[in-house]
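Structure assessment
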Amino acid sequence: MAVTYYQLNKSTTSIPTTAGTTSYVDGFYGVNGTLEYLIAEYNFTLSGTVDASTDISALIKSAKIVINGDIIHDWISGSAPASGSAIAGRYGYFINAIGGRSLTVPGGASVTSVQAFIAIPVGYILNTPTPRFEMSMDYYDANLVLGGSAVIDSGSVTWWARFNTACERSTRVISATSYAFAGANVAEQVVVRVPKTTMNGATTMGCLIQNDSEADEYSNGNAIRQLALSQFSMPISLHRWASNELDNGVVAAIPGSSTTAQTLADKRVGCLFVPLYGLQANDLTWIISSSAATTRFFHPVLTAPLRGPSEERPVQTAVARGNVQKTVVARSEAGTGN
């Protein structure tokens, strides 16, 4: 069993700016192996009056990853971060919820450099002569997170591959289904599409629900029912208990809270990840009651067993088992005494 890292690509131009939203497509070749994570490393040098408020993942408007023509990861943000927002970035919240790891190096509000790492769980066997990656990234205006007078003088985005012969699961982030809710205190049915997949034994790990603003806007009381989970509607706080968010399960670098450590929170308003415990991969039916007219976005996350080819490498004595489904379920069991 072996864990190795490989630098796939580094760009000094495909970075967020303080001149509005930006979109980039970067294509590059890789090497063969059992790919566990794709890791985006962000490095920025700043000037002007910097007033950073939250982690760098808040700048990601959309992220689409294609490997050898196969869409692996297709995520969009439901809403831009509010200027000066001090809550976790939506994308970082999502990545951490599905067994990845999104962390910005802590620092003060007036930092002159920023570094962040976003490890996206993939689980993919690369065995073609020249594996091809296409990364499509959209970013919000960096002033929303770094302060209205901040300037990014220079920076880079580096894509790393983490290969792990002990990776046990593949992960696919399915394109969002959107639904416009009509008004307050009306229970509405939403069918979230889950397409057929070529992954053998695919199941649904969970589903991200985003609002189109930085607020939950669910009705008071029992607002959300997932038909495969319960015969009854459940309060949003019960869903957050199930994912263990209530036990300070949301992690982000918030300069206003700490300059030397990650900040913990019991929720991320406007976002909710609902674990579905390996539900059969079919369309998902929800009944949701909102407190106002709003649009929500639903991202199903699929996972399936991965069988990678064996290969000869120097022996490592500790096995880093890559199993995002176990990670998500274990988080939901934390603190229950089981």
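Above this text you will find the structure in question.
Overview of the structure. Counting starts from 1 at the beginning of each chain's written sequence and moves along it residue by residue. Predicted model: local features are reported for residues with pLDDT of at least 70 only, side-chain atom pairs are reported and counted for 80 or more only, and whole-chain, interface and lining totals are derived from all residues. The basis for every side-chain value is the complete set of heavy atoms in the structure, and neither hydrogens nor water enter the calculation.

Some remarks on the overall build of the protein
Convention followed: The numbering of helices and of strands both runs from the N terminus, where a helix is a DSSP run of H or I of at least 4 residues and a strand a run of E of at least 2. Note that the radius of gyration is over C-alpha atoms, with the globule rule given as 2.2 Å times the number of residues to the power 0.38. Burial classes: relative accessible area under 20% of the type maximum marks a residue as buried, over 50% as exposed, and values in between as partly exposed (1.4 Å probe, protein chains only). Residue contacts are counted whenever heavy atoms from the two residues lie within 4.5 Å of one another. When charges are counted, neither His nor the chain ends are considered; positive counts come from Lys and Arg and negative counts from Asp and Glu. In plain terms, the charge of a residue is placed at NZ if it is Lys, CZ if Arg, CG if Asp and CD if Glu.
Of the regular secondary structure elements, the protein holds four helices and 19 strands. Whereas a compact globule of 338 residues would reach a radius of gyration of roughly 20 Å, the protein reaches 20 Å, a difference of no more than 12%. Seen through its principal axes, the protein has C-alpha atoms that stretch 55 × 50 × 40 Å. Split into buried and exposed, the 338 residues of the protein put 53% on the buried side. A separation of at least 24 residues holds for 84% of the contacts in the protein among residues at least 6 apart in sequence. Averaging the coordinates of the 21 positive side-chain charges in the protein and doing the same for the 24 negative ones gives two points 7 Å apart.

Focus on the pairing of strand 3 (residues 33-49)
Condition: A strand pair is defined by DSSP finding two or more bridges across the two strands.
When you tally the buried positions in strand 3, you get twelve out of 17 residues, the bulk of the element. Taken together, the twelve bridges between strand 3 and strand 7 (residues 113-126) define a ladder with antiparallel strand orientation. Among the inter-strand pairings, Asn-43 is bridged to a residue of strand 7, identified as Gln-115. In terms of strand pairing, strand 3 meets strand 9 (residues 149-164) through 14 bridges, oriented antiparallel. Counterpart to Ile-39 in the pairing with strand 9 is Trp-160.

Digging into the layout of surface pockets
The test is simple: Points on a 1 Å grid over protein atoms alone make up a cavity when a 1.4 Å probe fits among them but cannot get out, and a pocket when they form an open set with protein on both sides within 12 Å along at least five of seven lines; lining residues each have an atom within 4 Å of a point. Grid points are joined across faces, edges and corners, and a volume is the space filled by probe spheres set on the points.
Here the largest pocket defines a volume of roughly 340 Å³. If you trace the largest pocket, you find 18 residues lining it, with Asp-70, Arg-172, Thr-197, Thr-198 and Met-199 closest to the centre. For the lining of the largest pocket, the leading source of residues is strand 5 (residues 70-76), giving four residues. In this structure, the second largest pocket spans a volume of roughly 220 Å³.

Structural notes on the sheet that holds strand 1 (residues 3-11)
The condition that has to hold: Comment: axis = line fitted to C-alpha atoms, over the contacting stretch for helices; angle = value between 0 and 180 degrees taken between N-to-C directions.
Spatial ordering of the open sheet is given by 1-9-3-7-6, a layout of five strands whose pairing is antiparallel. Pairing within the sheet leaves two strands with one partner each, and these edge strands are strand 1 and strand 6 (101-104). With direction set aside, neighbouring strand axes in the sheet form an average angle of 20°. In the sheet, strand 1 pairs with strand 9 via eight bridges, with the strands oriented antiparallel. Within strand 9, the residue paired with Tyr-5 across the bridge is Arg-162.

Side note on empty space enclosed by the protein
Going by this rule: Residues are grouped as follows: Ala, Val, Leu, Ile, Met, Phe, Trp, Tyr, Cys and Pro are nonpolar; Asp, Glu, Lys and Arg are charged; every other residue, Gly included, is polar.
The full count for this structure, using the stated rule, is three cavities of 30 Å³ or more. Estimated volume of the largest cavity: approximately 60 Å³. Lining the largest cavity are Ser-11, Ser-14, Tyr-24, Asp-26, Met-135, Met-137, Tyr-139, Val-157 and Trp-159. Counting residues per element, the lining of the largest cavity draws most heavily on strand 8 (residues 132-139), which supplies three residues. When grouped by side-chain class, the residues that make up the lining of the largest cavity number six nonpolar, two polar and one charged.

Remarks on unusual backbone geometry
For Asn-185, which is not glycine, the phi dihedral falls at a positive 55°. The topology assignment puts Asn-185 in the loop between strand 11 (177-181) and strand 12 (186-192). If you check the backbone angles, Asn-248 has positive phi at about 50° while not being a glycine. Position of Asn-248 among the secondary structure elements: in the loop between helix 3 (236-242) and strand 15 (250-252).

Points about the side chain of Ser-290
To keep things clear, this is the line we draw: As used in this structure description, the phrase polar contact means that two N or O atoms lie within 3.5 Å; if the pair is within protein, one of them must be able to donate a hydrogen and the other to accept it, and residues adjacent in sequence are counted only when both atoms belong to side chains.
The topology assignment puts Ser-290 in strand 18 (residues 284-290). There is a polar contact of 3.0 Å between the side chain of Ser-290 and the side chain of Arg-296.

Structural measurements only, silent on function.
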